[in-house]
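Remarks on the overall topology
Single-letter residue listing:
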Amino acid sequence: MAKTKLNTATRYFTQKNRDKLESVLFAGGVVGIIVCIVGWLTYYWWYAGIGLYIGGSCILAYIILTNKKVKDDGYDAHIREFIEKNALTPRSSHYLKLFDWERGYVKLGKDRKLRSSVYCISEFDFGRDSFTLKLTEIDLCATSDSAPQVKERSYSLPIGTPTSLEEVTIEAPEGKKTVQYLIISPEDGARIRIPADTTSCDTDEIIEKIKRRR
């Protein structure tokens, strides 16, 4: 069971795109079944048998092909299960959970969402004059045998630390997508880049709290 879970991410990113073949098999199955039904109703038994054979073969091949495929929601479920199993669920009231699209494998799903093999959880705890940032990075394809690795980092930064948003265009095999990163720039350290969603109220609230506007 554990081995299957560890290999899910690698299979998702390295599996061949066979959308055209899937479409052809599905269409062949539908046409074959229609021919079978029409032949049966019109007493053309020969055509009904041919239609049943072609339709059944295409449907069977389609089922076998798609059952081996890791789909977008299957990969998302794999990440959720890994986070829950390893007690990585955020405990802070302010957090971001997003893929780090500039690292690892990257793929643009059928739902037009960009995914990568590196998942980042950013937790913020705000005090009166400072805030703590805890970064948890999950590399789901870190090693040659697909074993994931988890790295954690913590920062203590003053309220008012400069922030900005940066847009980056990511090129995946399936197409391009523009994503955003939250940049935190401490005066006495290297800047911190965090995957962000500018359409989310959570991102806006975190930025405002760092700037102490709320």
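First, a word on what this report is: a plain description of the structure on this page. Please read all numbers here as calculations on a predicted model, not as lab measurements.

Basis of the calculations
- Residues numbered from 1 in each chain as written.
- Predicted model: local features only at pLDDT ≥ 70, side-chain atom pairs only at ≥ 80, totals over all residues.
- Heavy atoms only, no water.
- Helix = DSSP H or I, 4+ residues; strand = E, 2+ residues; numbered from the N terminus.
- Buried < 20%, exposed > 50% of the residue type's maximum accessible area, 1.4 Å probe, protein only.
- Core = buried A, V, L, I, M, F, W, Y, C linked by side-chain atoms within 4.5 Å.
- Contact = heavy atoms within 4.5 Å.
- Pairing = 2+ DSSP bridges.
- Axes fitted to C-alpha atoms, helices over the stretch in contact; angles between N-to-C directions.
- Phe/Tyr/Trp six-rings, centres within 6.5 Å; stacked < 30°, edge-to-face > 60°.
- Lys NZ or Arg CZ within 6 Å of the ring centre and 35° of its normal.

With that out of the way, let us pick up unusual backbone geometry. Phi at A87 takes a positive value of approximately 55°, unusual for a residue other than glycine. Residue placement: A87 occurs in the loop between α4 (72-85) and β1 (94-99). Of the residues examined, A87 reaches a relative accessible area of 58% and is grouped as exposed. Even without being a glycine, R112 presents a positive backbone phi close to 70°. Residue placement: R112 occurs in the loop between β2 (106-108) and β3 (114-116).

Y75, W101, L114 and I138 are the most contacted members of the largest nonpolar core, which has 26 residues in total. Examining the composition of this core, we find that four residues originate from one element, α4, more than from any other. With residues near it in sequence (within four places) discarded, W101 still touches V106, L114, R115, S116, I170, V179, Q180, Y181, P195 and A196. One finds F124, F131, L157 and L182 within the second-largest nonpolar core, a separate group that totals 16 residues.

With that settled, the discussion passes to the sheet that holds strand β7 (residues 163-172). Read from one edge of the open sheet, three strands run β7-β8-β9, paired in antiparallel fashion. Of all strands in the sheet, those bounded by a partner on one side alone are β7 and β9 (192-196). Across the sheet, the mean angle separating the axes of adjacent strands is 35° when strand polarity is ignored. With 10 bridges connecting them, β7 and strand β8 (residues 175-184) associate as antiparallel partners. Pairing of T163 across the sheet is with I184, part of β8. Helix α5 (residues 201-210) contacts β7, β8 and β9 of the sheet and is inclined by roughly 145° relative to β7.

To continue, consider the sheet that holds β1. The antiparallel open sheet is built from four strands, whose spatial order is β1-β4-β5-β6. At either margin of the open sheet sits one strand with a lone partner, and together these are β1 and β6 (149-158). Each adjacent strand pair in this sheet contributes to an overall mean axis angle of 15°, direction not counted. Pairing of β1 with strand β4 (residues 118-126), which is carried by six bridges, proceeds in the antiparallel orientation. The partner of F99 across the bridge, within β4, is Y119. Its contacts with the sheet put α5 on β1, β4 and β5 (130-139), and the angle it makes with β1 is roughly 130°.

Let us now look at the packing of aromatic side chains. Under the definition given, this model contains 10 aromatic pairs. Ring plane angle 80° and centroid distance 5.1 Å describe the contact between F99 and Y119, whose orientation is recorded as edge-to-face. Pair noted here: F99 is in strand β1 and Y119 is in strand β4, with a separation of 20 residues, a long-range link. Residue classification places Y119 among the buried residues on the basis of a relative accessible area of 10%. Measuring from centroid to centroid gives 6.1 Å for F124 and F126, while their planes differ by 5°, and the two rings are stacked. Judged by relative accessible area, which is 0%, F124 ranks as buried. The exposure class of F126 is partly exposed, given its relative accessible area of 26%. The structure contains a cluster of three or more aromatic residues connected by ring pairs, namely Y12, F13, Y75, F99, Y105 and Y119. Its guanidinium or amino end placed over the ring of Y12, K107 lies 4.3 Å from that ring's centre, counting from NZ or CZ. In this arrangement the basic side chain of K209 is found over the ring face of F126, its NZ or CZ atom lying 6.0 Å from the centre.

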